[in-house]
Each structure stands twice: as C-alpha cells, then as structure tokens.
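# Per-entry structural report
Here are the chains, one letter per residue:
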Amino acid sequence: MGNKQTIFTDEQLDAYQDCTFFTRKEILRLHGRYHELAPNLVPMDYTNDPDVKLPLQLIINMPELKENPFRNRIVESFSEDGQGNLSFNDFVDMFSVLSEMAPRELKAIYAFKIYDFNTDNFICKEDLEKTLNKLTREELTAEEVNLVCDKVIEEADLDGDGKLAFADFENMISRAPDFLSTFHIRI
Amino acid sequence: LSPGKFGTGILSYFSFLRFLVLLNFIIFLLMFGLIILPIIIVSHSSANMTFVQQYGSECTDYPSSVRRGLVLFHQYIIDLLSGTGFLEQTYLFYGYYNVDLVRFSRFTYNVPLAYLLATFAYLFLSLVWIVKRSVAGFKQNLVQDEDRFQSFCNKIFSGWDFCITDENAAKLKRSSLLYELRTDLEEERIKQKIADRTFKERCRIYLIRLVLNLFVVTILAGCFYCIYRATIYSQERQTLKLQTNFILDLIVEYLPSIVITLGNFITPLMFDVIIQFEDYSPAFEIRFTLMRCVFMRLASIGVLLFSLWSQITHCETDDTVPCPCGYNHQLYPCWESRVGQEMYKLMIFDFIIISAVTVFVEFPRKLIVTHCDCGLAKWWGQQEFAIPQNVLEIVYGQTICWIGTFYSPLLPAISTIKYFIIFYIKKVTLMKNCRPATRPFRASSSNFFFLAVLLIGLAMACVPVGVSIAQISSSKACGPFVNYTTSWQVLPQVVSELPTGLSEFLYAISSEAFAVSFFVVTCLAMFYFIALAGAHKRVVNQLREQLAMEGRDKRFLIQKLCQAQKRLASRQPRAAPLSSGSSVAQYQYSSQNRNNSGVLLEQPPATSATHA
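Residues numbered from 1 in each chain as written. Chains lettered and ligands numbered in written order. Predicted model: local features only at pLDDT ≥ 70, side-chain atom pairs only at ≥ 80, totals over all residues. Heavy atoms only, no water.

As named in an unreviewed UniProt entry, chain B is Transmembrane channel-like protein, taken from Lepisosteus oculatus. On record in UniProt, under Sequence similarities (unreviewed entry), the comment for chain B is "Belongs to the TMC family." If you open the UniProt record of chain B and go to Subcellular location (unreviewed entry), you find "Membrane". (UniProt positions renumbered as here; feature names shortened; annotations may be inferred.)

An unreviewed UniProt entry lists chain A under the name Calcium and integrin-binding family member 2, with Lepisosteus oculatus given as the organism.

## Considerations on the UniProt feature "domain: EF-hand" (unreviewed entry) in chain A
Following the UniProt record, the feature "domain: EF-hand" (unreviewed entry) maps to residues 103-138 and 144-179 of chain A here. Here residues 144-179 of chain A runs as 64% helix and 0% strand, with 24 Å between its end C-alpha atoms. (Helix = DSSP H or I, 4+ residues; strand = E, 2+ residues; numbered from the N terminus.)

## Some details on unusual backbone geometry
If a residue is not glycine, its phi is most likely negative; likewise, a peptide bond is most likely trans. Despite not being glycine, Arg-137 of chain A shows a phi value in the positive range, around 55 degrees. Position of Arg-137 of chain A relative to the elements: it lies in the loop between helix H7 (125-136) and helix H8 (142-156). Taking the relative accessible area as the measure of exposure, Arg-137 of chain A reaches 55% and is therefore exposed. The residue Asp-279 of chain B is not glycine, and still its phi comes out positive at about 60 degrees. By the secondary structure assignment, Asp-279 of chain B is in the loop between helix H9 (255-275) and helix H10 (282-312). A relative accessible area of 22% places Asp-279 of chain B in the partly exposed class. (Buried < 20%, exposed > 50% of the residue type's maximum accessible area, 1.4 Å probe, protein only.)

## Quick word on the sheet that holds strand S3 (residues 108-110) of chain B
All names here are of chain B. Strands sit in the order S1-S2-S3 across an open sheet of 3 strands; the sheet is antiparallel. Of all the strands in the sheet, just strand S1 (48-51) and S3 have a single pairing partner and so form its edges. On average, each strand axis in the sheet is tilted by 20 degrees relative to the strand beside it, whichever way the strands run. The pairing of strand S2 (residues 99-103) with S3 spans 3 bridges and is antiparallel. (Pairing = 2+ DSSP bridges. Axes fitted to C-alpha atoms, helices over the stretch in contact; angles between N-to-C directions.)

## Some points on the environment of Leu-491 of chain B
Residue and element names in this part refer to chain B. The residue Leu-491 is located in helix H16 (residues 490-497) in this model. Look at Leu-491 and you get buried, because its relative accessible area is 18%. A sequence separation of 429 residues divides Leu-491 from Tyr-62, and the C-alpha atoms of the two residues are 26 Å apart. Those residues in contact with Leu-491 that lie beyond four places of it in its chain are Leu-113, Leu-116, Leu-117 and Phe-120. (Contact = heavy atoms within 4.5 Å.)

## Side note on the interface of chain B and chain A
Listed by partner, the interface residues are 47 residues for chain B and 63 residues for chain A. Counting across the chain B and chain A interface gives 7 residue pairs in polar contact (both at pLDDT 80 or more). Every element with two or more residues in the side of chain B that touches chain A is listed here: helix H5 (151-158), helix H6 (167-196) and helix H18 (512-571) of chain B. The leading source of residues in the side of chain B that touches chain A is H6 of chain B, at 10 residues. Classifying every residue of the side of chain B that touches chain A by side-chain character gives 21 nonpolar, 12 polar and 14 charged. (Polar contact = N/O pair within 3.5 Å; in protein donor to acceptor, adjacent residues only side chain to side chain. Nonpolar A, V, L, I, M, F, W, Y, C, P; charged D, E, K, R; others polar.)

Rendered as structure tokens:
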C-alpha cells in the first residue's frame, strides 16, 4: 500500500506469506531482526536470494531464546545442516512454527525433533534424561531423573519398545492441555 | 499483576475478592431496596404507615441505651466500635425497624414479610451465584483430572513456557517445575510405600492417626470452651454496665473476638505440626490441614452464637419453667440487636486485625529482611503470600456478614467497604512485601477450592439464621416481629390471608407428602448421575487400554509384513526392496522430508497409509 520496500520482490513476499503464518509486515520486521543480529553479514537486499547463514551463537543470544533451556536444539532442528546455521528462510520457518497460528500437528512434529537429542527418530531414555537435566539445570538427583524418565516412558510408550516413536509422542501431545500455549514464542 | 510473576493462583484470589465485593454490594442493595427504601419513601410521601403494636407488658420494656448526661468522649468511641449507645438506635440494627405496614395508594406493603423474605432472598441469591461461578471451575477440574494420568509427560514436554524472556521468571519457572516434579515423585513413593505396608505397620499407623485425631478434637474442644466462657463473661460484664477503664471496657466488649482470633492463629500452626506425624501423601496432607482449619474458623462462630443463644434463652428464675416472654427479657430486651452487635464487633475486629497485621508485621518484616543482615532475618525470610490462609480469612468475614445481615441490615454495606479496602491492602502488601511462593498453588483447582470453602461458609451461616428465625421467640420490645411469636410466623399468617386457591396450593407444597416425594426423586436423580459418571470413567479406561493394544497390534502387523516381504525378496531377488523398505520407513517419521525454502510448511510430511 504505497511503501516501496526494496528488500524483497513482491513474488518473494507472496511466497513467504503462503508458506508461513506471517503477514508481509511481519516478514519485513523479521528481516529487520535477522539483519540486526549481524549487520555486516546480512544484506538489506534479498531480491536475488543471497546465501547467507548466521551461526548458532548469534541466534541463541536473541532475547526471545536467551532463557529457553532448549535454545540450542530449537535452532539445530530448523537448520538444514543440523549444526544450527540458519538462513533467513530457516529463521522465518522457525518463528512461524513457534507462532500461535501454527496448528498442533505441525508443532508436534518439530517438538519431537527438538526433544530428540541424538536425532535417531526416537526419544529414548538418554534423550529424556538430557531434556530433564536441561529443564531443571541438573538439580534433580540421578535417581530422581531415572524415576521420572521411567514414568514418562511408562505413560507415553504405546508399542512397548521402551522409547517414544513419533506416533507415541503425537498421541501424548494431543492429550496435553497446555502444549499449544507453552510451545509458543512471541516475536 | 502479571501471572508470570506470582502465579495464576494469586490472580484467582484477587478475582475471588472482587467477586465478594460485588456480592456484598448486591446483598446490600437487596436489603436496602426491600426494607429501608419503603420506610424512607413513606416518611417523605403521603402514604400511611402503621407501627407495630406493643401491648404494655413486662416484655415490651426496652430501656433506651442512648447515654444521657455528661458523656465522655471515649464513650462515644466505645459506642462506635461496639454498636451500643447512639448506634443502637439507628437503622444499623434490627431493633430500630418498628414499622408494621406501609399503606400506599394501591397496595399495602408488609414490612415484616419483606424483612423475612429479603433474608431468604439474599441467602438464596448467594447460593445461586456461587454455584454458577463454581460450575465453570468444576468442569475444568474434571477435565484437568486427565492430568493425573499423564502428569509427568505434561510437565516435561509442555511444562516450560517458551515465552519466558525474563531471567527471574525463568528461575521461578524452573524452581516451580522442580517442586512439582519432586512432589509428584514423592506421591509415587508414598503410594508405593502404602501398597507395601505390612499388616502390623498399617495397624500402627491407624492407631497413631486415631490418637492424633483425638488430640485434634481435644484442642478444638478446648478452644470452643474458651470461646464459650469468654462470651459469657463478656455478656455478663456488659449487662452489669460497669464503666471502669476505657481500654478495659473495650477489651471486655471484644473479648470473644480476641479469643477467636487467637484460636485461629494458633491452631493452624499446631495442625501443621500434627499432620506430619500422620503419614499421609503430600496432596492429602495439604487438603486435610485445610479442612481442619476451615472447620475451626467456621465452628468458632457457631460456638459464639451457641453461647449467645444459651444466654438469651436462659432465665434466671427457674430452669424448668420456660421464660415468660420466650427469652430472657431482663438482660436482653432486644436480643436481636445484641446479636447484631456481636456480629458487628466481629467484623470490625477482623478488619482491624487484617490491617494491623499488614502494617505492623509485614512491612517491618520486609524492612528487617532487606536492611538487617542478622541471622534472625535470614531464618525468617521474606513474606510469602499464603493463599489458603488468606482465603480462609475472607471466607470467615463473609460468613459473619451472612449471619449478621438478618440482625443488622446495613452490615453488607460495611462488608463491601471492608473488602474493598482489604483488596487494596493485600495488593500493596503483595507488591511490596512478598516474594513469589516457591510452592505453586495448583491454579486449575484453586478457583473451585475457594468457591467450595465459600459454600461451606454459606451452609454454616444458614443454620444459625434458620434456628433463630424458626425457634427462638422474637423480641417483644423492638423490631418488626413484635406481633408474632417467632419471626417465621409472618409467613403462615400471610399465607392464610391469601385467596383460597393459592393458599391451598402453598399448603400442599409444604406438606410432608410433597416433601418426602421430592426428596426421593432428588435422591434417584443423584444416583443416576453417579452411575453415569462411573460408567464414563470405565469407558475411558477401556479406551485407553484399546489404544495401547492398537499400538501393539500395529507393531505385530509390521513385523509380519517385514517377514512376508523378506520371504518375497529371498524368493525373487530382483524385486526392488526399496518400495517395501520405504513403506516400513515411512511409518517412522523421517527427517529427510523437508523440501527447500519452507514450501511444505503447512503440511506434515507424508505418512504411509498404515499410519492410522
């Protein structure tokens, strides 16, 4: 509506609008945030799709992610190389899934990726232990951690293989009343 | 008041307080509109009013309590604080309402009937409003019960709020999660312990619990006896009308309130210590201690009233002969006003105590803890906002209001102002003096808990009001019910004056036949709903088991499929194993499914048809 922005072409903005849950204004604002993380690396002109990736360290120091115990895993899950280097597309992807407009199924998929620390497509007991330690900053004793992990597997594991497959996880998440409201980052 | 800082339990507490302010205001409007307004209108308009007839007898002798002669200033203060003297002859108390009928141009307004019906109306209105408010919370409570069955998963996978950006809030969330996990583990441990108990241990535990419960009962009995004696002493001193010292007089007037407050302060501490020996699960411990405290608070009002009744209906002359006027007219010419005064004193004292504790205990505590670095400060720590005790305080005040409104129609107005001021006092003390509770109060059940305790208070308030309306003879010297034996008598008299059809219908409703059949039908409905709830629970359990079995069936089928395809592959080595392999792999979520540039963000990765 009259503001001539030169960051993206109109086709690009339309594509972003279609593929994410953000409006044009929000995508431009996200680009501003992405740019201010590393003004020297990130060009203002994205019309020719530059291949710029920001490292993990810059992203996890953002105020929205700073206090999150799973910030490393979140960024790694949305990066293409699995090491946490996010291009702008990955960046927008991440905040789109974590926004309040994303549906439960989509959030469940990415939550599963985040909690799967060894990326073997199963949340096994070691993954659960790591999750718990990150949540409580290791203030539980080893025995308590063990007990809690056993209880979690007992509650959620349906097929009885001692670890959570995606089906188990999704089934459990569908019955967690707070999941949609807690798995949400406002940007 | 951000929920992030103090928790949603505290928000529920303040919304509960707001609800009480509104409720008291509506009750006041009800009483004012139905009783006081007609009287005021009449004195300024052309309508006619008749006063209650007082047949000159010894029962109607009501000495005026207005002080005469040279009155010292401090006696006015005593009057203000205890409702005697000049306050007694105002609209504040029952005794001043002596209008019988108000004749307007088109109809007559029966003031005693209105007084009685207004009492029933405010009790009924409170009941309906509280039930309406608690239904929403109750439904949520039942649904949230699902939490019991997945509590660990919920805490780990949806326990951390990703929106937290503040370091302190993160610390708080971490500690509250830690506390919840530890509590849940403790519960599991205790459940295991209980299941493992041998017969001998169980006997021992039951014996200990019996002894401790008896101990609790003796403590309560002791407190009630103290209240009883304090009330009787205070009443005797008041009727003697000795005026010694200003402070002493005030203390004597407020003696029952002081004893009740002391009891309510000491007993929770003792209950906290006792419950630790009884070896219950942590959740049950909290609930049981709370129930004991609720009982203590509400029953102490009941004991006070009981001791007042015993004084009022006890005539000195002879114990076997009933009192000539139905009550002790020498000591209590206008006993309803006296009861109203006691309720008024309780309410004022409650308000003074809450404000005084906030000003003289919580503020200095904060000052000491922040500025002084001594061991005492470290051990005492900063104030935590204890929600259960605060809720009990305000429910106690509300029960006093409900009981007292019949005897003192302007009491709801005082109660409204009192809760209004308390709201702001509590808010200020929360902001300035309190640190967030390390033990989070379960918000999902807190709303329901507040309203449940309030309902208990309402039920408790109905009993004394009902007894005094129906059983005890109304004063013959003051009040609107002079012409009736008891306050209840207004209703049968008015009903008998109604047209025959209506009065017969009302008689039929109040007859025993109708009451018994109504009771039976209600019981049947209740049993039906209990059976329905039980059936639903069974269905839920069955579905859960089915779900588990489905998972196992799927695994079994997949294994069979793999075996069959392996056999197929071994027989025909050229058959592409890729398709069979991928159909198995697609059952498990594959991370290779992300295409470039987030094109497929809105669709979950394609899963095979076997994934139901």
